[in-house]
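Architecture at a glance
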Amino acid sequence: MSTKTPALPSICCYCGVGCGVLVEPLPNGDVAVVGNPDYPVNLGALCSKGLNLQYTVNDRSDRLLYPQMRYSKGRPLQRVGWDEALQRTAAVFQTFIAKYGPDSVAFYASGQCLTEEYYVINKLIKGFIGSNNIDTNSRLCMSSAVVGYKMALGEDSVPGCYDDAALADCFLVAGANPAWCHPILWRRVEARKAAHPAAKLIVIDPRATDTCALADLHLQLIPGTDVVLLQALARVLIENGDVDADFLAHHAEGYEAYRALVLARPLAEAAALCGVPEEDIRLAAHYIGSAKAFLSMWTMGLNQSAVGVDKNLCLLNLHLLTGQIGKPGAGPFSLTGQPNAMGGREVGGLSNLLPAHRTLANPAHRAEVQQFWGSGPLAATPGYTATEMFEALEDGRLKAIWILCTNPVTSLPNARQAEAALAKARFVVVQEVSNRSEALAYADVVLPAAGWAEKEGTMTNSERRIGHLARATAPPGEALPDSEIICRFARAMGFPGFDFANAEAIYLEHARLTAGTSIDISGLTYSILKERGSVQWPYRAGQAAPDTARLFTDRQFHTPSKKAVLHAPPAAFRSEAPDDEFPFILTNGRIRDQWHTMTRTGKVSKLNQHSPRAYLEIHPRDAAALGVAEGGLVRVASRRGEVRVAARLSAGIRPGVVFLPIHWGKLLGSDLNRANNLTSDAVDPVSKEPDFKFCAVQVAKY
Ligand code: SF4
């Protein structure tokens, strides 16, 4: 008789597409992973990263197995028990809080955290420690989109769904390379183009990426000029009469001011500023204006910018001008980089948010949450954002930081400053799966965490789809699920409200707190999720319809007037301008087979074959002027640091622009591959998202 354990449904832990997988527990504790043919997102398909998930679980050679602690700076870490580690950490946190106040401690978490994990961290620091000092690496990724949605639509709400890709007849992809970074979603766009060749694809990107291979029109703009280009598109739409007058009259406000703004800049001037031919701008506007269903997709090229919010607002304006929102095949669709950035936003897991999209500045919302949690008063002022936390560590305002599920030494902009900040911190807790995280070098306490497939919980993907992740195998050594570690710590601090029996109990508390809000999931239980596989929020108690594919189908937005708002930001430039000393613009991004700082994908030899080393993509004309040949070593320097990598010549990048992949840190023994040695610590003034995609560098043959 077979003793085979049935495969358990789960969700891929990499990108925000959120593909369903089946995880089969094997007798030796390993797992086998295949795509879930019944999951609506991917119908069994997986990209290269998803196809190799099992290797990242089964290779435990890098795993942290037990808690470690050092008793003072300079002494080595030594193995301790969980109680000792958490009691000492609680004592240190209590001392700092008593002496310097609750804002002297902070948690820096991740869009990789499960919703239940986010929930308990947020509850702990906001409700019981009394500070809003929780931020996550989602700040580095989606915060400009969050602000854009809130300003234009009244709330952080992605209107559409993946099925819209099969219905659109005009796609605009801006600042994104979904062919590499969201591949399974991209298959849908490819399928739509194959089935309906008349559907148009416009790509806005300073590089000709693989996504451009499918494009009808590539607008290869000068980095940083997106606002000028998007406003020029708006101008042509208005001039051509390709606006939805009824939508603008009844469901939107701000049109006249935006119209005046975009008409003030002649098209020829806009074309010259953004480096895109005037006729291409006209053609793109014609494609958009004549579409029955216009769908836009964007990621970091818009978000990771010192004008990221303005870029988002101008893209959203294209949809509001044309009324292309809240209907099949149409809408603005931000593609989340991380698997659960959406879930984090839903529980309020950023320093300026409250649970269930409540507003931190609203006293009634704070009181609601306080009453629900039975906690102390919630602080009204936002906590430190990601980059602010590290600035505050460096200048001593912040005494202790707890880093979980992220690797800031590689992923934060201006990485040398992040290193300096951690070196100066009074107390650093690192809660981690892998010994490959560079933050461990600064840790006073190391807490081993369970990884993917070793714990249960939920995540929300880019299309608001909540899925359940099963526990398929036991974590190695003494590693524990992140939510259990946080709850044990909260109890060590003496706080009530953290005696959850399991992950489901945490989820149900979170779901109850959403009741009556726009993201109400009070009717959604683990049983329903397991039975149905996944659900798109909202899902109210007693909801008759299965789930909610699209928002704003009634053209009622979440603003006080119920109208969407066209904002009219002037085309500002807040990046580090190139000059004679640093004449190139550096941009950066992901490569096809790696994920973030490579702590997982870097373990898989198959994934390392696609691009084994970091490289600098440079136009052949620029390379020739520098005397650099294909594969030749170059030194790239900014005002903050340098990297030394091989040159990869490409006629697909704009002259004057160079590109580095983001993934490499100190993993290969040297940090001279690390893109963030160079990147700027400028941030968008509203979203506080860093200007990763633009800094001035010099390039020289090495
Ligand atoms: Fe995983 Fe994203 Fe690939 Fe799907 S597309 S398998 S979610 S990495």
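What counts as what
- Residues numbered from 1 in each chain as written.
- Predicted model: local features only at pLDDT ≥ 70, side-chain atom pairs only at ≥ 80, totals over all residues.
- Helix = DSSP H or I, 4+ residues; strand = E, 2+ residues; numbered from the N terminus.
- Rg over C-alpha atoms; globule rule 2.2 N^0.38 Å.
- Buried ≥ 20, exposed ≤ 12 C-beta atoms within 10 Å, placed from the backbone.
- Contact = placed C-beta atoms within 7 Å.
- Near = placed C-beta within 6 Å.
- Nonpolar A, V, L, I, M, F, W, Y, C, P; charged D, E, K, R; others polar.
- Domains from an automatic or database assignment.
- Core = buried A, V, L, I, M, F, W, Y, C linked by C-beta atoms within 7 Å.
- Pairing = 2+ DSSP bridges.
- Axes fitted to C-alpha atoms, helices over the stretch in contact; angles between N-to-C directions.
- Parallel < 35°, antiparallel > 145°, perpendicular 65-115°, else oblique.
- Left-handed = near helix turned anticlockwise from the far one by under 90°.
- Expected span 1.5 Å × (residues − 1).

A few points about the overall build of the chain
Counting secondary structure elements, the chain contains 24 helices and 26 strands. Taken over C-alpha atoms, the radius of gyration comes to 24 Å for the chain, in line with the 27 Å a tight globule of 702 residues would show. In terms of its C-alpha atoms, the chain occupies a principal-axis envelope of roughly 70 × 65 × 65 Å. Per-residue burial for the chain yields a buried fraction of 59% across its 702 residues. Taking all contacts inside the chain whose residues are at least 6 apart in sequence as the whole, residues at least 24 apart take part in 74%.

A closer look at the site of the ligand
Taken together, 14 residues surround the ligand, and among them Cys 12, Tyr 14, Cys 19, Cys 47 and Gly 50 come closest. For the shell around the ligand, the secondary structure elements donating two or more residues are α1 (48–51) and α7 (183–195). Of the residues belonging to the shell around the ligand, the class tally is 9 nonpolar, 4 polar and 1 charged. When we break the shell around the ligand down by domain, the ones giving at least three residues each are domain 1 (8–58) and domain 3 (143–334).

Considerations on the domain arrangement of the chain
Per the domain assignment, the segments of the chain are domain 1 (8–58), domain 2 (68–140 + 340–536), domain 3 (143–334) and domain 4 (584–701). Between domain 1 and domain 4, the C-alpha centre-to-centre distance is 30 Å. Listed per partner, the contact involves 6 residues of domain 1 and 9 residues of domain 4. Of all the secondary structure elements, the ones that give two or more residues to the side of domain 1 that touches domain 4 are α1 and α2 (53–58). Partitioned by chemical class, the residues of the side of domain 1 that touches domain 4 number 2 nonpolar, 3 polar and 1 charged.

With respect to the nonpolar core
Core analysis: the largest hydrophobic core is formed by 192 residues, its most contacted members being Phe 171, Leu 229, Leu 233, Ile 288, Met 389 and Ile 401. Looking at this core element by element, the count peaks at 9 residues for helix α8 (residues 226–239). Each residue touching Ile 401, except ones within four places of it in the same chain, is listed here: Ala 106, Tyr 108, Met 389, Leu 393, Ala 425 and Val 428. If you look at the next biggest cluster of nonpolar residues, it comprises 29 residues, including Ala 614, Ile 618, Phe 659 and Val 697.

A word on the sheet that holds strand β3 (residues 31–35)
Ordered in space as β1-β2-β3, the 3 strands form an open sheet in which the pairing is antiparallel. The open sheet is flanked by β1 (8–11) and β3, the only strands paired with a single partner. Strand-to-strand twist across the sheet, computed as the mean angle between neighbouring axes with direction ignored, equals 35°. Pairing between strand β2 (residues 20–25) and β3: 5 bridges, direction antiparallel. Residue pairing in the sheet places Pro 25 in a bridge with Val 31 of β3.

What about the sheet that holds strand β19 (residues 534–536)?
Note: strands within a sheet are paired through backbone hydrogen bonds, in either parallel or antiparallel orientation. Taken together, the 3 strands give an open sheet; going across it, the order is β17-β18-β19, and neighbouring strands pair in antiparallel fashion. Each end of this open sheet is capped by a strand with a single partner; those strands are β17 (457–460) and β19. If you compare each strand with its neighbour and ignore which way they point, the axes differ by 25° on average. Bridging between strand β18 (residues 465–469) and β19 involves 3 bridges; their strand directions are antiparallel. Counted as the bridge partner of Arg 465 is Gln 536 from β19.

Here we look at the packing of helix α5 (residues 143–153) against helix α14 (residues 308–322)
Running from N to C, α5 and α14 cross one another at 45°; their axes reach a closest spacing of 8 Å. In terms of axis orientation, α5 runs oblique to α14. Judged by the twist between their axes, the crossing of α5 over α14 is right-handed. Taking contact as the criterion, the partners of Ser 144, Ala 145, Val 147, Gly 148, Met 151 and Ala 152 in α5 are, on α14, Gly 308, Val 309, Asn 312, Leu 313, Leu 316 and Leu 320. Here the contact of α5 with α14 is built from residues that sort into 8 nonpolar, 4 polar and no charged.

A short note on the pairing of strand β9 (residues 200–204)
Two faces belong to every sheet, and in a regular strand the side chains alternate between them. The element β9 is largely enclosed, with a buried count of 5 among its 5 residues. The alternating pattern of β9 places Lys 200, Ile 202 and Ile 204 on one face and Leu 201 and Val 203 on the opposite face, and all of these are buried. Across 5 bridges, the pairing between strand β8 (residues 170–174) and β9 is parallel. Residue pairing for β9: Leu 172 is matched across the bridge by Ile 202.

Points about the pairing of β1
Of the two faces of β1, the one lined by Leu 8 and Ser 10 and the one lined by Pro 9 and Ile 11 are each fully buried. Of the strand pairs in this sheet, β1 and β2 are connected by 4 bridges, and their pairing is antiparallel. Bridging from a neighbouring strand, Pro 9 pairs with Leu 22 of β2.

A word on helix α4 (residues 115–129)
The end-to-end C-alpha distance of α4 is 20 Å, a good match for the 21 Å that 15 residues give at a rise of 1.5 Å each. Across the 15 residues that make up α4, a large majority, 15, are buried. Positive backbone phi, at 90°, marks Gly 130, one or two positions downstream of α4.

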